[in-house]
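Overview (structure and organization)
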Amino acid sequence: AYRTGRFVRRQRAGVSVAVLVAVAVVGGAGVALWQAAEAGRAQVRAEREAERAGATSDFLVGLLSTALPSESRGDTLTVPEAVERSLTEIDDALADEPLTRATVLDAIGTVFRDTGDYDRADAVYVRAASALRAAGAAGEDTLAVAQRLASSRGALYWFQSRFDRVEPHFRHALALARRQGDAAAVAATSSDLALLYGETGRDADAVRLLERALAEY
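To keep things clear, this report deals only with the structure shown in the data block. Note that the structure is predicted; figures quoted are calculated from it, not measured. (Residues numbered from 1 in each chain as written. Predicted model: local features only at pLDDT ≥ 70, side-chain atom pairs only at ≥ 80, totals over all residues. Heavy atoms only, no water.)

In terms of nonpolar packing, the biggest core is built from 23 residues, with L87, I90, I108, F112 and L132 touching the most fellow members. When contributions to this core are tallied by element, the ones reaching two or more residues are α7 (98-114), α8 (118-135) and α9 (140-159). When residues in this core are grouped by element, the largest group, seven residues, is from α8. Once residues lying within four places of it in the same chain are set aside, the contact partners of L87 are L105, I108, F112, V124 and R127. (Core = buried A, V, L, I, M, F, W, Y, C linked by side-chain atoms within 4.5 Å. Buried < 20%, exposed > 50% of the residue type's maximum accessible area, 1.4 Å probe, protein only. Helix = DSSP H or I, 4+ residues; strand = E, 2+ residues; numbered from the N terminus. Contact = heavy atoms within 4.5 Å.)

Turning our attention to the environment of R153. Within the fold, R153 resides in helix α9. As a C-alpha pair, R153 and T110 span 43 residues in sequence and 8.7 Å in three-dimensional space. Dropping the residues within four chain positions of it, R153 is found in contact with D122, Y125, V126, A129 and H169.

Let us look at the pattern of salt bridges. Working definition: two side chains of opposite charge can pair if their charged atoms are close together. Enumeration over the complete set of coordinates arrives at eight salt bridges. Ionic pairing is found between D117 and R120, a salt bridge with its closest N-O pair at 3.5 Å. Among the salt bridges present, the one from R202 reaches D205, with a minimum N-O distance of 3.0 Å. Overall, D205 belongs to the partly exposed group, its relative accessible area being 23%. (Salt bridge = Lys/Arg side-chain N within 4 Å of Asp/Glu carboxyl O.)

It is worth spelling out the packing of aromatic side chains at this point. Scanning all chains against the criterion turns up two aromatic pairs. Between W158 and F163 the ring centres are 5.7 Å apart and the planes differ by 85°, which places this aromatic pair in the edge-to-face class. According to the relative accessible area criterion, W158 is buried, its value standing at 0%. Here the aromatic residues W158, F163 and F170 are joined through ring pairs into a cluster of three or more. Just above the ring of F112 sits the side chain of R120; from NZ or CZ to the centre is 5.3 Å. (Phe/Tyr/Trp six-rings, centres within 6.5 Å; stacked < 30°, edge-to-face > 60°. Lys NZ or Arg CZ within 6 Å of the ring centre and 35° of its normal.)

Moving on to helix α11 (residues 183-199). Between its first and last C-alpha, α11 extends 24 Å over 17 residues, near the 24 Å set by a 1.5 Å rise per residue. For α11, the buried fraction is high: 15 of the 17 residues fall into the buried class. The N-terminus of α11 is capped by D182, whose side-chain oxygen sits 3.1 Å from the backbone nitrogen of A184. Directly after α11, the chain includes G201, whose backbone phi takes a positive value near 80°. (Expected span 1.5 Å × (residues − 1). Polar contact = N/O pair within 3.5 Å; in protein donor to acceptor, adjacent residues only side chain to side chain.)

Moving on to the packing of α7 against α8. As a packed pair, α7 and α8 sit with axes 8 Å apart at the nearest point and diverge in direction by 170°. Accordingly, the angle class assigned to the pair α7 and α8 is roughly antiparallel. On α8, the residues touching P98, L99, R101, A102, L105, D106, I108, G109, T110, F112 and R113 of α7 are Y118, R120, A121, V124, Y125, R127, A128, A131, L132, A134 and A135. For the contact of α7 with α8, the per-class residue count stands at 15 nonpolar, two polar and five charged. (Axes fitted to C-alpha atoms, helices over the stretch in contact; angles between N-to-C directions. Parallel < 35°, antiparallel > 145°, perpendicular 65-115°, else oblique. Nonpolar A, V, L, I, M, F, W, Y, C, P; charged D, E, K, R; others polar.)

With 14 residues, helix α12 (residues 203-216) ought to run about 20 Å at 1.5 Å a step, and its terminal C-alpha atoms sit 20 Å apart, in line with that. Residues of α12 that are buried include every one of A206, L209, L210 and A213, and no others. Angularly, the buried residues of α12 cover 95° about the axis, an arc narrow enough to put them on a single face. (Arc of directions from axis to C-beta.)

The residue S161 is not glycine, and still its phi comes out positive at about 60°. Tracing the backbone through its elements, the reader meets S161 in the loop between α9 and α10 (163-180).

What follows is the structure, given as structure tokens:
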């Protein structure tokens, strides 16, 4: 997976060959299991995800358009400045859509994270978590958004080599994936956590985790 590849490139020396092979096996199994999932359930989930992704995309496109001279009424805004301005508008613009708000904030936090602005990314992820709490009952959609956010927050600390803070988020993401019964998410989050174990010298824990993921699905 893309995220796994990024982890390995950033922390290549610490991940053993054995763990990488096991991760590849589980990741491949996750894809196969996802393809074999119940078609009806997968279609319904995909439609809901597409709807929320469309709303997120529309919001982000509108956000970035404020950096264009034609939209900024002569003010020159960089993309980061446009993102920063949007953060003051998100709560009102998406007040009735907490899951979409959480998804947008997750995406913005990830932009900050991937450009090295870790403090700002952390603050935005905290706001995303608050939006999730506002969503209320933990339905399937809420669990899916929460699982992705937990993975994003774990990755933030991984990129800073703050491994003691990575594990709680990756473990939470894995627990949420299991609650959903989403084989692909279980495979992906198990792989992430196994890579963390490999990076921190816990190869035996990594192998046990991946064996369990294969046994479960």
